[in-house]
Amino acid sequence: MKTKQELLELLNSLSLEDKIGQLQQVSPVTIEATGLETGVPTQNNGEIKKNFTSVLNLFGAEKLMKIQDEYLKNNEHKIPMLFMADIIHGYRTIMPIPLAQGCSFNPALVEKCNSNVAAEASADGMHVTFAPMVDLARDPRWGRILESTGEDTYLNTLFSAAMVRGFQGEDLSKDGTIAATVKHFAAYGGAEGGRDYNTVDISERSLRQDYLPSYKAGVDAGVALIMTSFNVIGGVPSTGNKKLLRDILRDEWGFNGTIITDWGSANTMISHSVAANQKEAARLSIEAGVDIEMCTPCYDRHLKELIDEGTVDIKLVDESVMRVLELKNKLGLFDNPYRFANPEKAKQIIGCDEFLADAKELACQSSVLLKNEDNILPLSEKSGKIAFIGPYTCEKRLNGAWSVLDKNENSPTLEQTLKKRFGDKAFKFAEGSKLLGVEQYYQAEFLKYDMCEDTREAKMKEAVKLAKKVDTVVMCIGEHYFESGEARGKAHITLPDVQIELFNRIYAVNKNIVVVLFNGRPVEIKNIADKAKAVLDVWFGGTMATEAIADMLFGITAPSGRLSASFPLCVGQIPVYYNYLPTDHPVENSFEFGSRHIDIPSEPCYPFGYGLSYTTFEYSDFTLSSDTLTKDGSITATVKVKNTGNRDSFETVQLYIRDRFASVSRPVKELKGFKKVWIKAGEEVSVDITLTPDDLRIYDINMDYVTEPGDFYVFVGKDSTVKEYKVFKYLG
Ligand code: GLC
């Protein structure tokens, strides 16, 4: 590892062109375009480009070692390049989508799974991942809600820190680690209308109280990079936002890592009509403290000119270059430019049994049982003859949209998994429909595979005929993976029409339906859920999705997820999240003049924190250790939870507070603690969750971050609808 002095000497030995090259990330397309795959991309005029610092989304230990070799041959100062990638929820072993991971309420398990991801990626030559995405997401119309861990700030802070620790471990110079990037800074999830990249216009208080904590949790966990977001906040693009990047991120939070733009988000300040041209975009970005520009040439083309003409101080460039050199140094690249790339080792650990087992456990702990009438689940002899019907019986693309590397070529379908386990004759299968019907507004050519008008009626008829002959139908339906992810905002959040038609035609002949739901966002599911006997939400569960589904359907494992985001009754109910402000017309005070829609109930279809188990739990003896809390004190809520069913299971005991009167209006509930406990059948356990004054801090009327004296309600229960509370007074 180089010393600070040696890095300084290296910095001082660089020409201005060399320095600017250290701030430029090129796209894989550029490199692949040369056909040389030698890491030596071409300039737009075809000339070989030698001077850049990193490439993203190229994969494979052997390939990356070769690219590094070629790159260093062309690099006078032998500064290795960085290999970065979107390793969002898995490398080769893909985990459930992050929104599902949030439902696990198990940060420790997510941390372990992310350390597995880092081990695979590190052995395969990767240095940096563009994860975790920690944006608060309250709008299911937003396609990227799938990448978040949901609608709750507190839960997001825990997962942000756990994911950073999982990826980075204790020391980035160690094998099995990769540098993490907390993104998208900031408040990208606040896009109006759930339209990706759209305007974010939130108050300073909401920015600080609701949106920023999850980024700060990542910074406090030692994240190496921060990625700026595409959006404006109050009219200011994040990539050129000095207040956000210098005042808050660097000065207030003490972040001294690397800031990288999102793909072209320096350049897109021109589209925001804030930068008149790429030169302006370069100036705004470097002045805001952006270090690496991703995939556009504002720095490459204009920084030198800005320096030479005296518009930008070379000091800003030196500071940015130093941070990039420090990142490379921390990763050990100056000692070994290949870092831990090891093709043999990669073959051994990628997809190893331990990692697959962890991925399956997380898929089960992330799945949410939304309904289970007559305990129709788990399936057993009492289920009689069973048919699996729906496009997801024979679909292998179960990773969701953001799994850059593995489009799931090698994952079994549910039908394959069930036949492998129970034999070919145990169950009947029918696709019933494709994922999409032509009426669905997707003209993308590659989606044609997922539609088929010519066989549509025949498929339906075949499925209906089968449904008539069996006792139980398991319908495997859901969103197309294409419908969520980046640039996948939707105005309707129902399932594809053709699948709703299939469900209704099956329901017409067989009422004994279990729905297994595949989705990347909270969906409008009420009409189906009202008719089905059971609904098990398995999200996009990754490599081990169908193994986990088989385990859960047949009771080997029980699903133990609790919703990390509310399911609206309908799209018109959005925004609907549990920690809303009471308003001056709460529905409880006056139904007629309450803050509600008059044509639907106020509650969501399924609330935050909700989920069922294959057993039942009883809560009793809820107490507080005191009815007052002092500045240096703490208060412990204790509750007894009994497993009153006949099978051992997890229960996620949740603690919410309400700051009853404050200098600013506060939410009707806020999650401030939870414990996921394993309780044996018939056993009763006592669960303690402790609060301190720090947990109660708010941005008060003066925007000071304080805990105000006064009454606090404490709720402890199985989800955010818990009604019973106790009161304590914070004395200040
Ligand atoms: C994309 C995404 C960002 C991703 C980056 C690199 O536009 O917004 O999350 O990491 O570009 O692919």
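The following paragraphs examine the structure supplied in this document. (Residues numbered from 1 in each chain as written. Predicted model: local features only at pLDDT ≥ 70, side-chain atom pairs only at ≥ 80, totals over all residues. Heavy atoms only, no water.)

Examining a positive patch on the surface
How we decide: Like charges are joined within 9 Å and nonpolar side chains (Val, Leu, Ile, Met, Phe, Trp, Tyr) within 5 Å, but only among residues with over 30% relative accessible area and no salt bridge; these make up the patches. To measure how exposed things are, a 1.4 Å probe is used in the Shrake-Rupley method; for residues, cover is taken only from the protein chains shown. Basic side-chain nitrogens of Lys or Arg form a salt bridge, by our definition, when they fall within 4 Å of a carboxyl oxygen of Asp or Glu. His residues and chain termini do not enter the charge count, which takes Lys and Arg as positive and Asp and Glu as negative. A charge is said to be at NZ when it belongs to Lys, at CZ for Arg, at CG for Asp and at CD for Glu. Numbering of helices and strands runs from the N terminus; a helix is a DSSP stretch of H or I covering at least four residues, while a strand is a stretch of E covering at least two. The cut-offs for exposure are 20% and 50% of the maximum accessible area for each residue type, with area from a 1.4 Å probe on protein chains only; residues under the lower value are buried, those over the upper are exposed, and the others partly exposed.
Taken together, the side chains of Lys-385, Lys-425, Lys-428, Lys-465 and Lys-469 make up a positively charged region of the molecular surface. Mapped onto the elements of the fold, Lys-385 is located in the loop between strand S11 (368–372) and strand S12 (386–389). We classify Lys-385 as exposed; its relative accessible area is 52%.

Details of the site of the ligand
This is how the line gets drawn: Any residue with at least one heavy atom within 4 Å of a molecule or strand is counted as near it. Polar contacts, as used here, are pairs of N or O atoms within 3.5 Å; protein pairs need one atom able to donate a hydrogen and one able to accept it. Residues neighboring in sequence count only if both atoms are side-chain atoms. Classification convention: Asp, Glu, Lys, Arg as charged; Ala, Val, Leu, Ile, Met, Phe, Trp, Tyr, Cys, Pro as nonpolar; all other residues, Gly among them, as polar.
Around the ligand, a shell composed of 13 residues is seen, among which Asp-86, Arg-144, Lys-183, His-184 and Asp-262 lie nearest. Between an oxygen atom of the ligand and a side-chain N or O atom of Asp-86, the distance comes to 2.5 Å. Glu-486 places a polar side-chain atom, nitrogen or oxygen, 3.0 Å from an oxygen atom of the ligand. In isolation the ligand offers 310 Å² of accessible surface; the protein chains occlude 94% of this area. The residue inventory of the shell around the ligand, partitioned by class, reads 6 nonpolar, 2 polar and 5 charged.

Structural notes on the packing of aromatic side chains
Quick note on the threshold: Two rings from Phe, Tyr or Trp (for Trp, the six-membered ring) form a pair when their centres are within 6.5 Å of each other. A pair whose planes differ by under 30 degrees is stacked, one over 60 is edge-to-face, and the rest are tilted. Criterion for a charge above a ring: Arg CZ or Lys NZ at most 6 Å from the ring centre, at most 35 degrees from the ring normal.
Evaluated as defined, the whole model comprises 29 aromatic pairs. The interplanar angle of 65 degrees and the centroid separation of 6.4 Å between the aromatic rings of Tyr-713 and Phe-715 together place this pair among those described as edge-to-face. An aromatic cluster is present here, built from Phe-105, Tyr-154, Tyr-578, Phe-608, Tyr-656 and Phe-674 joined pairwise through their rings. The ring of Phe-334 is capped by Lys-2, whose NZ or CZ atom sits 5.2 Å from the centre of that ring. Here Arg-596 stacks its cationic end above the ring of Phe-591, 3.6 Å away from the centre of that ring.

Here's the deal with the side chain of Gln-101
Rules: We call two residues in contact whenever any of their non-hydrogen atoms come within 4.5 Å of each other.
Tracing the chain through its elements places Gln-101 in helix H5 (residues 98–103). We classify Gln-101 as buried; its relative accessible area is 2%. Once you skip the residues sitting within four places of it in the chain, Gln-101 turns out to touch His-89, Met-95, Pro-96, Val-110, Asn-114, Phe-159, Met-163, Leu-362 and Ser-366.

Section: the environment of Asp-374
In this fold, Asp-374 is placed in the loop between S11 and S12. In this structure the C-alpha to C-alpha distance between Asp-374 and Gly-264, which are 110 residues apart in sequence, comes to 53 Å.

A few points about the layout of surface pockets
Quick reminder of the rule: A cavity here means a set of points on a 1 Å grid, drawn over the protein atoms and nothing else, where a 1.4 Å probe fits but cannot get out; a pocket is an open set with protein on both sides within 12 Å along at least five of seven lines, and a residue lines either one if it has an atom within 4 Å of a point. Grid points are joined across faces, edges and corners, and a volume is the space filled by probe spheres set on the points.
In this structure, the largest pocket spans a volume of roughly 1,500 Å³. Looking at the largest pocket, it is lined by 47 residues, and the ones nearest its centre are Tyr-577, Tyr-578, Tyr-580, Leu-581 and Val-668. Volume-wise, the second largest pocket comes out at about 760 Å³. Among the residues making up the lining of the second largest pocket, the classes are represented as 11 nonpolar, 4 polar and 13 charged.

Description of the sheet that holds strand S21 (residues 670–679)
Definition in use: A pair of strands is treated as paired once DSSP finds two or more bridges between them.
Spatial ordering of the open sheet is given by S18-S26-S25-S20-S21, a layout of 5 strands whose pairing is mixed. The open sheet has two edge strands, strand S18 (628–629) and S21, and neither has a second partner. Strand direction decides the pairing type here: strand S25 (residues 710–717) and strand S26 (residues 725–730), joined by 6 bridges, are antiparallel. Looking at S26, one finds that Val-714 is bridged to Lys-726.

A short note on the packing of helix H1 (residues 4–12) against helix H13 (residues 314–330)
Between two packed helices, what matters for the description is the angle formed by their axes and the separation of those axes. Counted only if it meets this: Axes, fitted as lines to C-alpha atoms, cover a helix only where it is in contact. Angles between the N-to-C directions of the axes lie from 0 to 180 degrees. With respect to orientation, any angle under 35 degrees is reported as roughly parallel, any angle over 145 as roughly antiparallel, any angle of 65 to 115 as roughly perpendicular, and every other angle as oblique. Left-handed describes a crossing whose near helix is turned anticlockwise from the far helix through less than a right angle; right-handed describes the clockwise counterpart.
One can describe the packing of H1 onto H13 by two numbers: an axis separation of 10 Å at closest approach and a directional angle of 130 degrees. Comparing their axes, H13 and H1 come out oblique. Here H1 and H13 pass one another in a crossing that is right-handed. Contacts between H1 and H13 involve Lys-4, Leu-7, Leu-8, Leu-10 and Leu-11 from the former and Asp-318, Val-321, Met-322, Leu-325, Glu-326 and Asn-329 from the latter. Tallied by class, the residues present in the contact of H1 with H13 amount to 7 nonpolar, 1 polar and 3 charged.

Function cannot be inferred from these measures alone, as they are strictly geometric.
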